[in-house]
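Here is what each chain is made of, one letter per residue.
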Amino acid sequence: MDNLFIAASPSSPEVDFRFDERTFSLKGESYPENAAQFWGEIIAALRRFLAADDASAAIIVNVALAYFNSSSTKMLFSLFDALNEKAESGAEVVLNWYHDEDDDTIFEFGQELQEDFPALAFHDHAVKSQ
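Described below are features of the structure shown in this document.

Criteria and cut-off values
Residues numbered from 1 in each chain as written. Predicted model: local features only at pLDDT ≥ 70, side-chain atom pairs only at ≥ 80, totals over all residues. Heavy atoms only, no water. Helix = DSSP H or I, 4+ residues; strand = E, 2+ residues; numbered from the N terminus. Rg over C-alpha atoms; globule rule 2.2 N^0.38 Å. Buried < 20%, exposed > 50% of the residue type's maximum accessible area, 1.4 Å probe, protein only. Contact = heavy atoms within 4.5 Å. Areas by Shrake-Rupley, 256 points an atom, 1.4 Å probe, with all protein chains shown as cover. Lys, Arg positive; Asp, Glu negative; His and termini not counted. Charge placed at Lys NZ, Arg CZ, Asp CG, Glu CD. Axes fitted to C-alpha atoms, helices over the stretch in contact; angles between N-to-C directions. Parallel < 35°, antiparallel > 145°, perpendicular 65-115°, else oblique. Nonpolar A, V, L, I, M, F, W, Y, C, P; charged D, E, K, R; others polar. Core = buried A, V, L, I, M, F, W, Y, C linked by side-chain atoms within 4.5 Å. Expected span 1.5 Å × (residues − 1). Arc of directions from axis to C-beta.

## Considering the overall build of the protein
What the protein contains, in helices and strands, is 3 helices and 6 strands. Its helices and strands in sequence order give the protein the pattern β-β-β-α-β-α-β-α-β, from N to C terminus. For 130 residues, the compact-globule estimate of 2.2 N^0.38 gives 14 Å, and the protein sits close to it at 14 Å. Residues classed as buried in the protein amount to 42% of the 130 residues present. Expressed as a percentage of contacts within the protein between residues at least 6 apart in sequence, the contacts between residues at least 24 apart total 66%. Accessible surface computed for the protein: about 6,900 Å², of which carbon and sulfur atoms make up 47%. Across the protein, the centroid of the 8 positively charged side chains sits 6 Å from that of the 24 negatively charged ones.

In structure tokens, the structure reads:
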């Protein structure tokens, strides 16, 4: 399966899904005009990978989103739901959640993810403000 890379724009995050390395990264901000359109193919590609995947190595997910709007939140839940289903089937899925140490909103969203998707191995990473 081909890797998926989408460069960041002013309103959408960098997406770097390296299927061959089993690492998926999101960073930046997400408030695209049409979140379903932006995230739709990304989630579909992830689901195709997860359905065909039978390797035993861990899947590593690195998320460093500084901001995302409510439409993106819904799409992110779909993405994390797919990963959680994979983890429930026995795969190790590690979610590294990066947030500014002073950003309570992003921190709390990470805590919510941890509660809503308990099969994911969640790791919170507070990053010092620059």
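## As for the packing of helix H1 (residues 35-52) against helix H2 (residues 70-88)
Close contact between H1 and H2 brings their axes to 9 Å; oriented N to C, the two are set at 5°. When the axes of H1 and H2 are compared, the pair comes out roughly parallel. Where H1 abuts H2, its residues Ala-35, Ala-36, Trp-39, Gly-40, Ile-42, Ile-43, Leu-46, Arg-47 and Leu-50 lie against Ser-71, Ser-72, Met-75, Leu-76, Ser-78, Leu-79, Asp-81, Ala-82, Leu-83, Glu-85 and Lys-86. Across the contact of H1 with H2, the residue classes break down as 12 nonpolar, 4 polar and 4 charged.

## Considerations on unusual backbone geometry
With a phi close to 65°, Arg-22 is a non-glycine residue in the positive phi region. If you trace the backbone, Arg-22 turns up in the loop between strand E2 (14-18) and strand E3 (23-30).

## With respect to the nonpolar core
Formed by 36 residues in total, the largest nonpolar core has its most connected members in Phe-17, Trp-39, Leu-79, Phe-80, Leu-83 and Trp-97. Mapped by element, the contributors of at least two residues to this core are E2, E3, H1, strand E4 (59-68), H2, strand E5 (93-100) and helix H3 (104-116). The greatest single-element share of this core, amounting to 9 residues, is contributed by H1. Those residues in contact with Leu-83 that sit more than four places away from it in its chain are Leu-46, Leu-50, Val-61, Val-93 and Leu-120.

## Brief notes about H3
With 13 residues, H3 extends 18 Å from end C-alpha to end C-alpha; this agrees with the ideal 18 Å at 1.5 Å per step. Buried within H3 we find Ile-106, Phe-109, Gly-110 and Leu-113. Angularly, the buried residues of H3 cover 100° about the axis, an arc narrow enough to put them on a single face. In H3, those exposed residues whose orientation departs by more than 90 degrees from the buried face are Asp-104, Glu-108 and Glu-115.

Don't take any of this as a statement about function, it's just geometry.
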